[in-house]
Amino acid sequence: MQLIINNRVYTDNSNEADENSVFVVSKQNEKFKDSAIANGCKEIIDSSELKNHIDLSSIKIIGITGTNGKTTTAAAIYSILLDLGYKVALQGTRGFFINDERVEDYSLTTPVQLGNFAHIQKAMQNGCDFFVMEVSSHAIEQKRIEGLEFALKIHTNITRDHLDYHKTIEEYINVKNSFLSDETPKLINKDDPIVKYNSKNGFAYSLENPSTYKVTAYSFKNGTHVMFSHFGEMHSFSSNMMGIFNVYNLMAAVAAVHITTQKPLNEICEALEGFAGVSGRMETVCTNPLAIVDFAHTPDGMSEVLKSFNEKEIICVFGAGGDRDKLKRPLMGQVAAQFAKHIIVTSDNPRNEDPDMIIEDILKGIKNHQSVQVEINRKEAIKKAMEMANENSVVLVLGKGDEATQIIYDKKFPFSDKEEILKHIK
Ligand SMILES: CC(=O)N[C@H]1[C@@H](OP(=O)(O)OP(=O)(O)OC[C@H]2O[C@@H](n3ccc(=O)[nH]c3=O)[C@H](O)[C@@H]2O)O[C@H](CO)[C@@H](O)[C@@H]1O[C@H](C)C(=O)N[C@@H](C)C(=O)N[C@H](CCC(=O)O)C(=O)O
Ligand SMILES: Nc1ncnc2c1ncn2[C@@H]1O[C@H](COP(=O)(O)OP(=O)(O)OP(=O)(O)O)[C@@H](O)[C@H]1O
Ligand SMILES: N[C@H](CCC[C@H](N)C(=O)O)C(=O)O
Ligand SMILES: [Mg+2]
C-alpha cells in the first residue's frame, strides 16, 4: 500500500521501499524492516508517527464499531449528512464512496493504516467535511486506525463474531472496548450489557435504559415510526426500514449527526426520511412470494432478523462462511431452529473448507426440528425455498446480502441471492 504526501512515497511494503521512499513500520510488517533497508530505504518511521507527516484536521472523522449494524449505521449517517448539504466520504464493507459516488469496490471493511490515510486524503482533496468509516475488530487489533483522531466514535453492539481471529470472546470484547477507552467523544448503545467505555465525553442512545437519545415509542404499522426524547424534548422520525435493530441503527445515526453538526433535531429527522436503507440488508426482493435477502451472518444478526417476522411462516436459507469463526455455526443453526418453520442449510463462501463439514457444524445446533433440508448448492436451495413458499410465508435468504460472488477456495464465482430469487417469482 502506498500513500503520497508532498510528492513523497510512503509505503508499508518493503518490496516497494527504495532510497526515495519512506517505509512505515507497524506490528504487521516489522519483520520486513531489514528488507526495506536492504532495498536502499533511508527513512523509516513508526506507524504512530504518520499523523505528523500529514494534517487531517480539516475533516471530521466518524468511526463506527460493533458486531452488527456498522454498515447500516454508517450509510444512514452518510445519507443524512449529504441530505443536509455536507460533502461526505463513506468507507466500509461495501467500498469507498465520495459524495454519492462509488470510488472503490468491496475490499476490507477497514483498510490498512496507509489505506485509511490515503482515503481521507482523497476525501479532503474532494472538499469533504466528513469521513464516515466502519471500524472492524481486526482493524483495532492490527492498529489500522493508528493516528486517526475521531470527531465521534460510535458503538452499535457487541455480541460475537470472528473468534477464528480473536480466539476467545473475552479477547474480542476487550478489543472492541479498547476503541472506546479514551476521551474522544463517543456515542454508546446503553442497552448493550457488555460494552465498557470511558464516560468522559460520552453520549448514549437506547430503547430500554435511560440515555440522552432515548426511544420512547415505536410502531411498525405502515413503515417504522419512532419517537424519542432528548433532554425532555420529544422528536420523531419515520423510515421504511424494518426490524427493531434498525430502530437502534437509525437512532444512532440521528444522534451522531446531531452531536457532530449541532443542527436542529427536526431537520436531521427530516433528512433521515430520505434514507432508503442499504442494498442487501433486509431488502425485499419480491412480494409474491415474499422474499427478503439480508446480510445476517452471526447468531445475533440472524436472531434479530428472524424475530422481525414472527407473524409469518419463515423459510430460512443460510450457510456459514469457510475460514471464519467455526463456533458460531451451531449457534446459527440453533437460532434458525428457534424461529423458522422450514430450514434449508446451504453454502456461503466455503473458501478453503469442505462445505459439507461446514453444514455438519451448523446441523449440530439443530435438534429435533420437523423440517430441515440440506442443499449444498445455494442456487438449488433458493429454488426449493421459493417453490415451497405460499401467501403465509416469508423466504429469508441470509448471510450474503449484496455480495456478488460465491468464494470457493480462492476463486470468486458470480453469484447473487437477489438474482436467484427473481428467477422464481410466481
Ligand atoms: C487476518 C488478517 O486480518 N490479515 C490481514 C493481515 O495479513 P498478514 O499480517 O498476514 O499480512 P502480510 O501479507 O504478512 O503483510 C503484512 C505487512 O507486511 C508487508 N510486507 C509483506 C511482504 C513483504 O515481503 N514485505 C512487506 O513489507 C505488507 O505490505 C503488509 O504491510 O494484514 C494484511 C495487510 O497488512 C491484510 O490485508 C490482511 O487481511 C486479510 C486479507 C483479511 O482477509 N482480513 C479480514 C479477515 C479482515 O480484516 N476483516 C475485517 C472485518 C470484516 C468485517 O467484519 O466486516 C475487515 O476490516 O475487513
Ligand atoms: N443493530 C443491529 N443489531 C443486531 N443485528 C443487526 C443490527 N444491524 C444490522 N443487524 C444485522 O446484521 C446484518 C449486518 O448488518 P451491517 O452490514 O449493518 O453490519 P456490519 O456490522 O457492518 O457487519 P460486517 O462486520 O459483516 O460488515 C444485517 O443484515 C442484519 O441482519
Ligand atoms: N465481513 C464478514 C462478512 C461475512 C459474510 C459471509 N457471507 C461470509 O462469507 O462468512 C467476514 O468477512 O467475515
Ligand atoms: Mg460492515
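Residues numbered from 1 in each chain as written. Chains lettered and ligands numbered in written order. Predicted model: local features only at pLDDT ≥ 70, side-chain atom pairs only at ≥ 80, totals over all residues. Heavy atoms only, no water.

By the naming in an unreviewed UniProt entry, the protein goes by UDP-N-acetylmuramoyl-L-alanyl-D-glutamate--2,6-diaminopimelate ligase and is assigned to Arcobacter suis CECT 7833. According to the UniProt record, the Catalytic activity (unreviewed entry) comment for the protein reads "UDP-N-acetyl-alpha-D-muramoyl-L-alanyl-D-glutamate + meso-2,6-diaminopimelate + ATP = UDP-N-acetyl-alpha-D-muramoyl-L-alanyl-gamma-D-glutamyl-meso-2,6-diaminopimelate + ADP + phosphate + H(+)". A UniProt comment under Function (unreviewed entry) is attached to the protein, and it reads "Catalyzes the addition of meso-diaminopimelic acid to the nucleotide precursor UDP-N-acetylmuramoyl-L-alanyl-D-glutamate (UMAG) in the biosynthesis of bacterial cell-wall peptidoglycan." (UniProt positions renumbered as here; feature names shortened; annotations may be inferred.)

Caption draft 1: Expanded view of the site of ligand 3. Lining the immediate environment of ligand 3, one finds His162, Phe295, His297, Gly321, Arg324, Asp348, Asn349, Arg351, Gly399 and Glu403. Measuring from an oxygen atom of ligand 3, one finds a side-chain N or O atom of Arg351 at 2.9 Å. Taking 350 Å² as the accessible area of ligand 3 by itself, protein coverage stands at 87%. Of the residues assigned to the shell around ligand 3, the class counts are one nonpolar, five polar and four charged. (Near = heavy atom within 4 Å. Polar contact = N/O pair within 3.5 Å; in protein donor to acceptor, adjacent residues only side chain to side chain. Areas by Shrake-Rupley, 256 points an atom, 1.4 Å probe, with all protein chains shown as cover. Nonpolar A, V, L, I, M, F, W, Y, C, P; charged D, E, K, R; others polar.)

Caption draft 2: Geometry of the side chain of Asn116. With respect to the helices and strands, Asn116 occurs in helix H3 (residues 113–125). The contact partners of Asn116, leaving out residues within four places of it in the chain, are Gln91, Thr110, Pro111, Met133, Arg144, Ile145 and Leu148. (Helix = DSSP H or I, 4+ residues; strand = E, 2+ residues; numbered from the N terminus. Contact = heavy atoms within 4.5 Å.)

Caption draft 3: Focus on the site of ligand 2. Taken together, the neighbourhood of ligand 2 is formed by 20 residues, with Lys70, Thr71, Thr72, Asp294 and His297 sitting nearest. The contact in question runs from an oxygen atom of ligand 2 to an N or O atom on the backbone of Thr67, over 3.2 Å. Within the side chain of Arg281, a nitrogen or oxygen atom sits 2.9 Å from an oxygen atom of ligand 2. The protein chains hide 95% of the 630 Å² of surface that ligand 2 would expose on its own. Listed by contribution, the elements that provide at least two residues to the shell around ligand 2 are helix H2 (70–83), helix H7 (244–261) and helix H9 (299–307).

Caption draft 4: Local environment of the pattern of salt bridges. Scanning the entire structure with this criterion turns up 21 salt bridges. Linking Asp105 and Arg102 is a salt bridge whose minimum nitrogen-to-oxygen distance equals 3.6 Å. Across the salt bridge formed by Glu353 and Arg329, the nearest N and O atoms sit 2.7 Å from each other. With Glu353 in the loop between strand E19 (342–345) and helix H11 (355–363) and Arg329 in helix H10 (residues 328–339), this pair connects stretches of sequence that are 24 residues apart. Through salt bridges with shared partners, one network takes in Lys326, Arg329, Glu353, Asp361 and Lys364. (Salt bridge = Lys/Arg side-chain N within 4 Å of Asp/Glu carboxyl O.)

Caption draft 5: The arrangement of the coordination of the magnesium ion (ligand 4) in detail. The protein atoms that coordinate the magnesium ion (ligand 4) are Thr71 (OG1), Thr93 (OG1) and Glu134 (OE), at distances spanning 2.1 to 2.2 Å. Sequence spacing of the donor residues for the magnesium ion (ligand 4), all on one chain, is T-x21-T-x40-E. A residue pair is termed long-range when its members are at least 10 positions apart, and Thr71 in helix H2 and Glu134 in strand E9 (residues 130–134) qualify at 63 residues. (Donors = N, O, S within 2.8 Å, 3.2 Å for Na, K, Ca; no water.)

Caption draft 6: Examining the environment of Thr212 more closely. Here Thr212 lies in the loop between strand E12 (202–206) and strand E13 (213–219). Distance from Thr212 to Ser229, taken between C-alpha atoms, is 7.6 Å for residues 17 residues apart in sequence. A polar side-chain atom of Thr212 sits 2.9 Å from the main-chain amide nitrogen of Ala204.

Caption draft 7: Focus on the packing of H2 against H7. Between H2 and H7, the shortest axis-to-axis distance is 9 Å and the interhelical angle comes to 45°. One element, H2, and the other, H7, form an angle in the oblique class. The two elements H2 and H7 meet at a crossing, and its hand is right-handed. Contact with H2, carried on its side by Thr72, Thr73, Ala76, Ile77, Ile80 and Leu81, involves Asn246, Asn249, Leu250, Ala252, Ala253, Val254, Ala256, Val257 and Thr261 of H7 and no other residues of that element. Residue composition of the contact of H2 with H7, by class: ten nonpolar, five polar and no charged. (Axes fitted to C-alpha atoms, helices over the stretch in contact; angles between N-to-C directions. Parallel < 35°, antiparallel > 145°, perpendicular 65-115°, else oblique. Left-handed = near helix turned anticlockwise from the far one by under 90°.)

Caption draft 8: Representation of the packing of H9 against H10 within the structure. Interaxial distance between H9 and H10 falls to 9 Å at its minimum, and their mutual angle equals 10°. Comparing their axes, H10 and H9 come out roughly parallel. For the pair H9 and H10, contact is made by Pro299, Met302, Ser303, Leu306 and Lys307 and by Lys328, Leu331, Met332, Val335, Ala336 and Phe339, respectively. Partitioned by chemical class, the residues of the contact of H9 with H10 number eight nonpolar, one polar and two charged.

Caption draft 9: Just empty space enclosed by the protein, in detail. The tally for this structure, following the rule as stated, stands at one cavity of 30 Å³ or more. In this structure, the largest cavity spans a volume of roughly 30 Å³. Looking at the largest cavity, the residues that line it are Gln91, Gly92, Gly95, Phe96, Asp105, Ser107, Leu108, Pro111 and His119. Within the residue set of the lining of the largest cavity, elements represented by two or more residues are strand E6 (88–92) and strand E7 (95–98). (1 Å grid on protein atoms, 1.4 Å probe; cavity = no way out; pocket = protein on both sides within 12 Å on 5 of 7 lines; lining within 4 Å. Points joined across faces, edges and corners; volume = space filled by probe spheres on them.)

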